[in-house]
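# Results of the structural survey
As a plain string of letters, each chain reads:
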Amino acid sequence: MHLGTTNRFFTNSQRRALAGRDGGCVIPGCTVPPHLTQAHHVIPWSKGGLTNIDNAVLICNAGHASIETSGWNIDMRHGRPWVRGPLIFDPTQTWRPAGQNRAATPAEKPHWEK
């Protein structure tokens with residue numbers, strides 16, 4: 001689960017662990033499931049960030065492409081991701097725990113009988 005700086009790309013085992021922890025894209029309100037996300041270094045690999053699951057989160061393709069300019073911030077606290085939205089989404093700039101993707105929550109069973 002910890003590759004350090006020897007490899008930039010996350011392994012399938014690491015992605016499975018991230019899927020179990022994050023449940024999909026960590027950006028609040030995004031419902032992209034784990035298999036359609038990318039593993040993102042919280043501290044960039046080019047700046048010495050490790051290719052470890054405690055420095056990674058799952059982000060959808062759109063979020064990953066714009067994370068540097070979108071205003072979303074990600075921080076790791078005790079091995080868990082926390083996110084803070086841009087002012088337009090969160091005027092309070094409150095850090096919130098991530099990993100609550102709705103895609104990871106089992107859907108309510110339909111009520112077929114009235």
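Scroll up to find the structure this text is about.
What this report covers is the structure whose coordinates are included nearby. (Residues numbered from 1 in each chain as written. Predicted model: local features only at pLDDT ≥ 70, side-chain atom pairs only at ≥ 80, totals over all residues. Heavy atoms only, no water.)

A separate point is the nonpolar core. Residues Cys 25, Val 26, Ile 27, Val 57, Ile 59, Ile 67 and Ile 74 are the most contacted members of the largest nonpolar core, which totals 14 residues. Elements with a minimum of two residues in this core: strand 2 (56–60) and strand 3 (73–77). Among the elements that make up this core, the one with the highest residue count is strand 2 (three residues). Phe 10, Leu 18, Ile 53 and Leu 58 belong to the second largest nonpolar core, which has six residues in total. (Core = buried A, V, L, I, M, F, W, Y, C linked by side-chain atoms within 4.5 Å. Buried < 20%, exposed > 50% of the residue type's maximum accessible area, 1.4 Å probe, protein only. Helix = DSSP H or I, 4+ residues; strand = E, 2+ residues; numbered from the N terminus.)

Further remarks concern the pairing of strand 2. Consecutive side chains along a regular strand alternate between the two faces of the sheet. Most of strand 2 sits out of view: five of its five residues are buried. Relative to strand 2, strand 1 (residues 37–41) runs antiparallel, the two being bridged by five bridges. By the bridge assignment for strand 2, Ala 39 is matched with Leu 58. (Pairing = 2+ DSSP bridges.)

What follows covers the environment of Leu 58. Among the secondary structure elements, Leu 58 is positioned in strand 2. When the C-alpha atoms of Leu 58 and Cys 25 are compared, they prove to be 5.1 Å apart, with 33 residues separating the residues in sequence. If sequence neighbours within four positions are ignored, Leu 58 has contacts with Arg 15, Leu 18, Ala 19, Asp 22, Gly 24, Cys 25, Val 26, Pro 34, Thr 37, Gln 38 and Ala 39. (Contact = heavy atoms within 4.5 Å.)

With that settled, consider the packing of aromatic side chains. Using the criterion set out here, one finds one aromatic pair in the structure. Centre to centre, the rings of Trp 72 and Phe 89 are 5.8 Å apart; their planes meet at 25 degrees, and the pair counts as stacked. Linking Trp 72 in the loop between helix 2 (61–66) and strand 3 with Phe 89 in the loop between strand 4 (80–84) and strand 5 (96–97), this pair joins segments that are 17 residues apart in sequence. A relative accessible area of 16% places Trp 72 in the buried class. Seen from the ring of Trp 82, Arg 77 lies directly overhead, with NZ or CZ sitting 4.9 Å from the centre. (Phe/Tyr/Trp six-rings, centres within 6.5 Å; stacked < 30°, edge-to-face > 60°. Lys NZ or Arg CZ within 6 Å of the ring centre and 35° of its normal.)

Read from one edge to the other, the open sheet built from three strands follows the order 3-4-5, with strand pairing classed as antiparallel. Edge strands, defined here as strands with exactly one partner in the open sheet, are strand 3 and strand 5.

For Leu 50, the position within the fold is in the loop between strand 1 and strand 2. For Leu 50, a relative accessible area of 37% puts it in the partly exposed group. Along the chain, Leu 50 and Arg 8 lie 42 residues apart, while their C-alpha atoms are 8.0 Å from each other.

With that out of the way, let us pick up the pattern of salt bridges. Applying the stated criterion across every chain, the model contains three salt bridges. In this structure, the salt-bridge partner of Arg 77 is Asp 75, at a minimum N-O distance of 3.0 Å. Judged by its relative accessible area of 29%, Asp 75 falls in the partly exposed class. (Salt bridge = Lys/Arg side-chain N within 4 Å of Asp/Glu carboxyl O.)

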